[in-house]
Amino acid sequence: MKRIFAIAAAVLLTFPALADEGMWLLPLLQKMNGKALQEAGCRLTPEQIYSINNTSLKDAIIHFGGGCTGEIISGEGLIVTNHHCGYSNIQALSTPEHNYLMDGYWAMSRAEELPCRGLSVTFLKSMTDVTDILAKVEANAAKKGDAKAVEEAVRAKMQELTAEAEKANPNCTARISSFYNGNVQYLIVSKVYRDIRFVGAPPASVGKFGGETDNWMWPRHTGDFSMFRVYAGADNEPAEYSPNNKPYRPANHLKVSLAGVQEGDYAMIMGYPGRTQRFQTAAQLKQMLATNRIAIDARTVRQDLMWEAMCADPNVQLKYASKYASSANGWKKWQGEELAFEKLNIIGREEQKEAAFMEWVNAKKKRQEAYGQALGKIEEAVNASSKASRAVSLLTEAPYRIELVGMAGRFLQRIATRDGGISIPAGLAALKNAYRDYEVGLDCKEAVALLEYYRKKADPANYLEGLGAEGTDFATLDIPAYVEKLFGESAFTSYEKLEKLAADGDVEKIMNDPAVRLQNSIMSVLMKLYPVAYGSQEKLQEGSKEFTAGLMEWEKGKPSYPDANSTMRLTYGHVLPYSPKDAILYRHYTTLAGVMEKEDPNNPEFIVPAKLKELYEKGDFGQYTDPADGKVHTCFLTNNDITGGNSGSPVMNAKGELIGLAFDGNWESMSSDVMFEPDLQRCICVDIRYVLFLVEKLGGARHIIEEIAPVK
Ligand code: ARG
């Protein structure tokens with residue numbers, strides 16, 4: 001007991017103020033973090049982490065499919081990312097006969113690596129600050145023209161900059177991203193590869209062990225990884241899928257370490273955090289909580305029905321696995337956020353910060369002029385839009401989630417050609433593959449529940465019109481009878497019916513389909529709400545830009561980082577335990593023993609594959625045990641600062657070697673997108689040795705280990 005206490009005390013003493021908070025901008029590492037990185041224990045220079053002239057770590061990190069991070073771990077383009085990042089791709093490749101999602105998969109040769117339709121990965125080439133260039137253009141234009149002319153001039157300059165960059169970097173795309181709520185702009189050049197193939201993954205019982213119950217929580221025992229490979233043309237450049245493409249030869253790949261981690265070790269993560277709200281005001285945060293609550297409640301209605309259908313039929317389980325997981329992930333996150341906001345007094349602390357900020361602003365006339373109106377503008381904008389934007393949330397989380405409505409919507413969107421004409425084949429093409437994961441009976445049940453839910457919750461001013469027989473209004477509509485008729489008569493319930501309906505090219509007939517009518521009815525309410533919900537966007541942006549600029553000036557001289565915006569960042573800190581509440585100390589790692597402890601054959605979320613149990617019982621762990629305790633460590637904790645989008649990110653040691661994959665955050669600090677909590681906030685990582693153990697011992701893919709060639 002004493003020892004545990006001693007360790008806890010030592011942790012507190014050793015790492016009181018070391019870097020932890022911060023999703024740092026790569027081009028500014030030297031300036032902002034050079035010294036702190038070294039002090040924290042990093043043995044690489046900022047230039048070795050990010051460089052535009054030399055090979056650096058960033059060349060091994062990819063934006064995986066737009067929403068996750070991955071890293072290259074061999075000279076032949078092998079990617080490792082999270083299982084939940086590969087999930088929808090693995091599901092799309094699976095059938096009831098070849099269920100790679102549930103059973104796992106390992107390509108035993110290159111020929112068995114499976115092309116993933118629609119999946120791409122992006123390499124970052126460079127990020128350049130172009131704020132001053134654009135500000136000059138803006139200032140010049142402002143001398144001559146009105147606001148519209150200024151906007152035009154800035155847009156033209158942006159286009160010129162991206163066009164120049166694309167010309168200078170063949171096969172690359174360039175864009176300009178905004179940081180610090182519009183105060184800073186970077187030109188970002190990247191290269192996208194589109195021939196990505198699935199190499200292998202453990203069964204979902206391992207890759208998603210613990211399911212939604214364990215999601216967002218520690219202690220964790222999930223083997224959350226999957227592997228893919230980048231393929232390129234003969235010139236190693238991006239190419240559309242072709243059987244002749246070759247494994248990509250990367251500029252750099254991460255070394256994989258077998259050394260493991262110890263408490264207090266340096267750890268850093270590079271990746272693509274998606275969105276944070278660390279510059280938002282209390283007014284905005286209250287609004288965020290309110291819309292999240294609407295989404296939580298509406299999703300509960302839909303998820304309960306999905307879950308029931310999935311448990312009853314393995315085919316439905318496969319079809320809806322990915323839809324369910326992504327819905328439930330946000331649903332649980334927002335609930336945790338709500339609790340953490342309350343417990344950690346996030347709004348109160350934000351209000352205190354704003355009061356202190358205003359005191360600083362009001363101390364000087366010049367500051368008052370620049371920032372004095374910011375908070376007021378934001379609050380006004382939020383107040384003006386709050387009711388309408390809550391109504392939008394209810395609409396988009398309830399009736400809009402009826403899949404039949406989505407089908408009709410996609411069809412309508414795609415039949416409109418650019419020149420104002422109509423192309424029915426384009427509409428059909430958009431839905432060609434949509435029915436593969438569609439279960440009409442379930443959707444029908446959901447439709448009843450979602451419409452009834454909407455009627456109960458919505459302001460009658462936002463009721464849906466034109467449903468049911470002529471003259472019926474929504475308040476008295478017999479919803480089950482309406483839905484039965486809708487699903488009985490609509491051609492959007494299957495691709496074959498839709499093809500038949502569209503065969504004679506009669507657009508009028510399609511427009512009269514009841515699913516199209518329901519879609520139109522929902523859209524017309526949405527169109528009524530949008531102008532109010534987004535009408536004060538400009539004021540909001542103006543206020544946010546001023547507030548953020550003010551905060552930057554207030555904290556001048558301290559290292560600072562912008563909100564996450566799906567651009568590559570570095571976060572660095574240490575491997576650390578934490579105390580979730582009084583008297584409880586959570587160790588910084590879990591082991592395979594914990595998987596066995598959690599096993600529950602009657603709960604689909606906690607099934608342990610027989611082979612894993614056998615390996616455990618035999619102690620067949622190969623080179624993957626921890627040198628200190630001889631156990632297989634499954635997951636570990638760091639105090640790195642991450643958010644959604646970082647999933648799959650490499651966790652690296654002081655030398656930049658791969659020691660784990662980041663895959664989650666912890667329940668006690670679910671408000672982390674808004675405020676970093678040094679004592680509570682942890683990043684949950686899967687130990688890379690567990691990954692390798694699963695590849696070799698559970699998956700039998702020794703050739704992958706040979707390809708990776710991990711280092712001791
Ligand atoms: N919470 C994780 C994240 O947002 C995703 C975990 C996926 N697993 C799951 N059981 N849904 O990055």
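Residues numbered from 1 in each chain as written. Predicted model: local features only at pLDDT ≥ 70, side-chain atom pairs only at ≥ 80, totals over all residues. Heavy atoms only, no water.

Here we look at the overall build of the protein
On a plain count of helices and strands, the protein comes out with 26 helices and 19 strands. Along the longest, intermediate and shortest principal axes, the C-alpha atoms of the protein span 75 × 70 × 60 Å. Taking all 712 residues of the protein together, 56% fall into the buried category. For the protein, the proportion of contacts with a sequence separation of at least 24, taken over those separated by at least 6, is 78%. When the accessible surface of the protein is totalled, it reaches about 31500 Å², and 52% of it is carbon and sulfur. (Helix = DSSP H or I, 4+ residues; strand = E, 2+ residues; numbered from the N terminus. Buried < 20%, exposed > 50% of the residue type's maximum accessible area, 1.4 Å probe, protein only. Contact = heavy atoms within 4.5 Å. Areas by Shrake-Rupley, 256 points an atom, 1.4 Å probe, with all protein chains shown as cover.)

Description of the environment of Ala-40
Relative to the assigned elements, Ala-40 resides in helix 2 (residues 29–40). With a relative accessible area of 6%, Ala-40 lands in the buried category.

A word on the site of the ligand
Around the ligand, a shell composed of His-84, Lys-208, Gly-211, Glu-212, Asn-215, Trp-216, Asn-329, Ser-647, Phe-663 and Asp-664 is seen. Within the side chain of His-84, one N or O atom sits 3.4 Å away from an oxygen atom of the ligand. Here Ser-647 contributes a side-chain N or O atom positioned 2.8 Å from an oxygen atom of the ligand. For the ligand, the protein covers 91% of the area, taking 360 Å² as the surface of the free molecule. A per-class count over the shell around the ligand returns two nonpolar, five polar and three charged. (Near = heavy atom within 4 Å. Polar contact = N/O pair within 3.5 Å; in protein donor to acceptor, adjacent residues only side chain to side chain. Nonpolar A, V, L, I, M, F, W, Y, C, P; charged D, E, K, R; others polar.)

Some thoughts on the sheet that holds strand 14 (residues 569–574)
Across the sheet, which stays open at both edges, the eight strands sit in the order 1-14-13-17-18-19-16-15 with antiparallel pairing between neighbours. Edge strands, defined here as strands with exactly one partner in the open sheet, are strand 1 (24–25) and strand 15 (589–591). Pairing analysis gives two bridges linking strand 13 (residues 266–271) to strand 17 (residues 650–652), with the strands arranged antiparallel. Within strand 17, the residue paired with Met-268 across the bridge is Met-652. Those strands touched by helix 25 (residues 688–698) are strand 16 (633–638), strand 18 (658–665) and strand 19 (683–687), and its axis lies near 40 degrees from that of strand 19. (Pairing = 2+ DSSP bridges. Axes fitted to C-alpha atoms, helices over the stretch in contact; angles between N-to-C directions.)

What about the side chain of Ser-327?
Assignment of secondary structure puts Ser-327 in helix 11 (residues 314–343). Side chain to side chain, Ser-327 and Gln-303 meet in a polar contact 2.6 Å long. Residues in contact with Ser-327, not counting those within four places in the same chain, are Arg-299 and Gln-303.

Notes on the packing of helix 10 (residues 282–312) against helix 17 (residues 440–457)
Axis separation between helix 10 and helix 17 bottoms out at 10 Å; the angle between their running directions is 160 degrees. In terms of their interaxial angle, helix 10 and helix 17 are classed as roughly antiparallel. In terms of crossing hand, the pair formed by helix 10 and helix 17 is right-handed. In contact with Asp-297, Ala-298, Val-301, Arg-302, Leu-305, Met-306, Glu-308 and Ala-309 of helix 10, helix 17 contributes Leu-442, Lys-445, Glu-446, Ala-449, Leu-450 and Tyr-453. Here the contact of helix 10 with helix 17 is composed, by residue class, of nine nonpolar, no polar and five charged. (Parallel < 35°, antiparallel > 145°, perpendicular 65-115°, else oblique. Left-handed = near helix turned anticlockwise from the far one by under 90°.)

Re the layout of surface pockets
Its boundaries defined by the atoms lining it, the second largest pocket holds a volume of some 1300 Å³. Around the second largest pocket, the lining comprises 44 residues; the ones closest to its centre are Glu-21, Glu-555, Pro-559, Ser-560 and Tyr-561. Elements represented by at least two residues in the lining of the second largest pocket include exactly strand 1, helix 2, strand 9 (184–193), helix 12 (346–362) and helix 22 (537–554). Among the elements that make up the lining of the second largest pocket, the one with the highest residue count is helix 2 (six residues). Class assignment for the residues of the lining of the second largest pocket results in 24 nonpolar, seven polar and 13 charged. (1 Å grid on protein atoms, 1.4 Å probe; cavity = no way out; pocket = protein on both sides within 12 Å on 5 of 7 lines; lining within 4 Å. Points joined across faces, edges and corners; volume = space filled by probe spheres on them.)

Some words on the pairing of strand 7 (residues 121–129)
Judged from the three bridges that link them, strand 2 (residues 61–64) and strand 7 form a sheet pairing that is antiparallel. The residue of strand 7 that forms the bridge with His-63 is Thr-122. Both strand 7 and strand 9 contribute to a ladder of eight bridges, which runs antiparallel. From the neighbouring strand, Val-121 faces strand 9, where its bridge partner is Tyr-193.

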